Amino acid sequence: MVTRELARLCMRLCVWIASAGLLMCPSTALAQAPDSAQALRAEIDQLKRDFEAIKQQYGDRLSALEAKLGAAPGSAAAAAPPPSAPALPAPAGTESGTSPQVLGASIANAKVFNPDMAVIGDFLGAAGTNHVQPDPFGPGTHPNALQLHESEAAFQAVVDPYARADFFMSFGEEGVGVEEGFITFTSLPGGLLTRVGKMRAAFGKVNSLHNHVLPWTDRPLVIGHLVGGEDGINDAGVSVARLIPNPWIFLEAMGQVFRGDSGVDPNGHPLFQTTRRRELSYVGHLRGYRDITENANIDLGLSYSRGHNGLSDGNLADPGSLVTQLYGIDATYRWKPLQRSIYTSFVGRAEWIWSRRDQPTGLQSGSGMYLSGDYQFARRWFAGARYDRSDRPDDASALDTGGSFVITYWPSEFSQVRTQYRRTNYALGPSANELLFQVQFSIGAHGAHPF
Amino acid sequence: MTITKRVAGVMAAAMLTWIPTSAQSKLNVITATEDLASIAREVGGDRITVESLAKGYQDPHFVEAKPSFILKLQKADVLIAVGRDLEIGWLPPLIQQSRNAKVQVGAKGYLDASLGASILEIPSGNITRAMGDVHPLGNPHYWMDPENGKRIAKEIADKLSELRPADSAFFQQQLASFTTRLDAAEKRWLAQMAPYKGTKVVTYHRSFPNFAERFGLDIIGYIEPRPGIPPTPQHTLDLINEMKRQNVKLVLVEPYFDMKTPLAIGRDTGAQVLVLPPSVGGVKEVTDYFKLFDYDINLLIDAIKKSRAT
């Protein structure tokens, strides 16, 4: 429809140009009569001015239409303007529509209510041998030298004036799953930020992050051993977060309740598993943040989680399952000089995790941690290192340790190539030396930069 | 329950329910950039408080969504954004976590300052990321034209009047005063730049199309091969050849870009390399919207004179 209108406009413009041309030809011929020459010149000038004005007017209308046309196919990429505001020409009381020069209204388009869509591909490769954990990125036994590990499709939009929704579907090699799908109520009274749906729990730092924003190809050893691995604590439930006002720091308290099914440990056993409806799992998180200078800041967190682990509690009358409790401390230090922020930065991260897992054979109290640093040394280059150590969840006397070096290259904001050397010393098997590769790419809407 | 436990309980409950009372008489305005803050300050006068999230010397595309900004947004009555996807990487998550219904996109306290402005470089036809990090809604650096400055000021005055009808006359009067002063200054700037109309320049990023159009600069190329893509050797070589062919003697660089490539281009072509702030706060001396143009125009004219003298 817009194309037809554009064509009509073009035709009208042509007619104007043609008629203006016709008008001008006879007048130049007549201009030979000396006495009326000046009057004619004035007339011609007037005509020229009229023509220019009309050309200007049509030019503006044409470019507005072109912008409309141009915006239509790319509208999915226009992630920022959530539908409600920019679609309207201007808020009441303004006059942005009256001046022909003003193009403010040109961003309206038909697909404006579609959610912002993006697909992120995560391709992984592995070389070297690992006898203890043959799958380089999970607890499975398949060697998986090359894999399209995950394709994440994101759909995000504002629901209504009170909420927005985010869906992240993860297409793995075995099937499709909802990685996250939740509604966020952005304007509840009392400053409560509430989420309902399936989501990654706010236990520590790494558990809440999607694969594509991690600074490594894998997740730290302690996450795989004690916090449920790649999927981690990720479950259906309700999350409520509130800022605790104080004059010194950003302080946020978060409480989450989940169904109670999450994660996989290195033996393939679930981290949390329910056998009864009342066996819910809980996560509590307290986050403190403070700017040290305008270039540096520190982010600290305390986490607690409790859930049932699916191991029988031996109660024959009312069979239920035993409990696993997790405690965590996380710390992140970021440095990024504002004026050169796109060229250099440093992020140091550490998490300590303690696990108390009730088993039919008795309580296993294990712990683990990782410490990592990532330095950006050029606009597109990052180098990082990570130290890992963790007890095994079912046998806290077995301590695995490891370390990694990572190099990442970003061709653009929308793709990255990464190599990681990883060494793992297993308590119960031979050490593994592995070289891991990753190519990540994203198409569609421009998402938020990770922080 | 012991008394201490009760007291602790009451204190905890009080902490959880206590909402900071930001209902002072002044409207609390938060802007995305310092340019908008400066214009808002002109319009709002002493009836508002203004603070910008981004600093003028940082790349406005790549501001970090720090939690400390969430605290600022939480207490804001008005949020003024540049729009046109400039803040797409950082403002949406901040708004989302602000817990402030007033500044959600589409709410009364949210103002997209671009809605009344004249926007250049709105892409037509099929756009893909092969063109780099293109902005489908047009070039977001539109404040670099005083005509747009007036339009932004009008949008802000109308928004403030809408939120504080009692102060409407004051805001409109401030707007009129700002517009008059800006008109006068613009006339002066145009007169200063008139002799140098058509001067050919190269810029790093596409930050100056509105400025160039208003003040008669001819931008013949960019150091970035495509928006948001860092310079490549081949593109730099092509640019140097083009600059030599067209005898371009000025390279303009935003304060947040690396100087290595621009300086190399300058050495090779004999062009002067200027760090030209596209924002208030881009350099120390530029403390408001008027000084932004004063500074940039003086810097340009000095450089052009120097290049003509040699």
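This is a predicted model, so every value here is computed, not measured.

1. Topic: the overall build of chain B
Each helix and strand counted, chain B has 10 helices and eight strands in total. Within chain B, buried positions represent 52% of all 310 residues. For chain B, the proportion of contacts with a sequence separation of at least 24, taken over those separated by at least 6, is 61%.

2. Side note on the confidence of the model for chain A
Residues and elements named next belong to chain A. With 80% of its residues at a pLDDT of 70 or more, chain A has an overall mean of 84. Note that residues 18-34 has pLDDT below 50 and, in this model, 11 contacts with residues that lie over four places away or in other chains. Residue range residues 72-102 is modelled with pLDDT below 50. Its contacts to residues more than four positions away, or to other chains, number 76 contacts.

3. Notes on the environment of B:Leu160
All names here are of chain B. In this fold, Leu-160 is placed in helix H5 (residues 146-163). The exposure class of Leu-160 is buried, given the 28 C-beta atoms found within 10 Å. Taking the C-alpha atoms as reference points, Leu-160 and Gly-109, 51 residues apart in sequence, are found 9.0 Å from one another.

4. Things to note about the domain arrangement of chain B
Buried accessible area, meaning the area lost when the parts come together, often serves as the stated size of an interface. Residue and element names in this part refer to chain B. According to the domain assignment, chain B consists of domain 1 (27-113 + 124-185) and domain 2 (189-309). Distance from the C-alpha centre of domain 1 to the C-alpha centre of domain 2: 26 Å. Of the residues lining the interface, 24 residues belong to domain 1; the matching set on domain 2 comes to 25 residues. Partitioned by chemical class, the residues of the side of domain 1 that touches domain 2 number eight nonpolar, nine polar and seven charged.

5. Brief notes about unusual backbone geometry
Residues other than glycine seldom take positive phi values, yet B:Arg99 does so here, at roughly 55°. Within the secondary structure, B:Arg99 sits in the loop between helix H4 (91-97) and strand E4 (110-112).

6. As for the packing of helix H2 (residues 34-44) of chain B against helix H6 (residues 168-193) of chain B
Each pair of packed helices can be described by the angle between their axes along with the distance between the axes. Residue and element names in this part refer to chain B. The N-to-C vectors of H2 and H6 enclose an angle of 120°; their axes lie 7 Å apart at closest approach. Viewed along their axes, H2 and H6 adopt a mutual orientation that is oblique. Facing H2, whose interface residues are Glu-42, Val-43 and Gly-44, H6 presents Phe-171, Gln-174, Leu-175 and Phe-178. Classifying every residue of the contact of H2 with H6 gives four nonpolar, two polar and one charged.

7. As for the confidence of the model for chain B
Per-chain confidence: chain B averages 92 in pLDDT, with 92% of residues scoring 70 or above. In the predicted assembly, ipTM is 0.87 and pTM is 0.81.

8. Looking at helix H3 (residues 67-74) of chain B
A turn of α-helix holds 3.6 residues, and therefore any two residues three or four places apart point the same way. Those residues of H3(B) that fall on the buried side of the exposure criterion are B:Pro67, B:Phe69, B:Ile70, B:Leu73 and B:Gln74. Viewed end-on, H3(B) has its buried residues packed into an arc of 145°, placing them on one side of the element. Packing partners of the buried residues in H3(B) comprise strand E6 (234-243), strand E7 (250-258) and strand E10 (281-291) of chain A together with strand E1 (27-31), strand E3 (78-81) and H4 of chain B.

9. Examining the sheet that holds strand E7 (residues 250-253) of chain B
Residue and element names in this part refer to chain B. Taken in spatial order, the four strands line up as E6-E5-E7-E8 in an open sheet, and their pairing is parallel. Both outer strands of the open sheet, strand E6 (217-222) and strand E8 (272-275), are each paired with one neighbouring strand and no more. Going from strand to strand, the sheet's axes swing by 35° on average, the running direction of each strand aside. Direction of pairing for strand E5 (residues 199-203) relative to E7: parallel, over a ladder of two bridges. When the sheet's bridge partners are listed, Val-202 is paired in E7 with Val-251. The strands touched by helix H8 (residues 233-246) within the sheet are E5 and E6, with E6 carrying the most contacts at an inclination of about 150°. Strands E5, E7 and E8 of the sheet are contacted by helix H10 (residues 289-309), whose axis makes an angle of about 175° with E8.

10. Some words on the packing of H2(B) against H5(B)
Residue and element names in this part refer to chain B. Orientation of H2 relative to H5, taken along the N-to-C sense of each, is 55°, at an axis distance of 9 Å. Here H2 lies oblique to H5, going by the angle between them. Every pair of crossing elements has a handedness; the one defined by H2 and H5 is right-handed. Between H2 and H5, the contacting residues are Leu-36, Ile-39, Ala-40, Glu-42, Val-43 and Gly-44 on the first element and Gly-149, Ile-152, Ala-153, Ile-156, Ala-157 and Leu-160 on the second.

Rules and cut-offs
- Residues numbered from 1 in each chain as written.
- Chains lettered and ligands numbered in written order.
- Predicted model: local features only at pLDDT ≥ 70, side-chain atom pairs only at ≥ 80, totals over all residues.
- Helix = DSSP H or I, 4+ residues; strand = E, 2+ residues; numbered from the N terminus.
- Buried ≥ 20, exposed ≤ 12 C-beta atoms within 10 Å, placed from the backbone.
- Contact = placed C-beta atoms within 7 Å.
- pLDDT = per-residue confidence, 0-100.
- Domains from an automatic or database assignment.
- Nonpolar A, V, L, I, M, F, W, Y, C, P; charged D, E, K, R; others polar.
- Axes fitted to C-alpha atoms, helices over the stretch in contact; angles between N-to-C directions.
- Parallel < 35°, antiparallel > 145°, perpendicular 65-115°, else oblique.
- Arc of directions from axis to C-beta.
- Pairing = 2+ DSSP bridges.
- Left-handed = near helix turned anticlockwise from the far one by under 90°.

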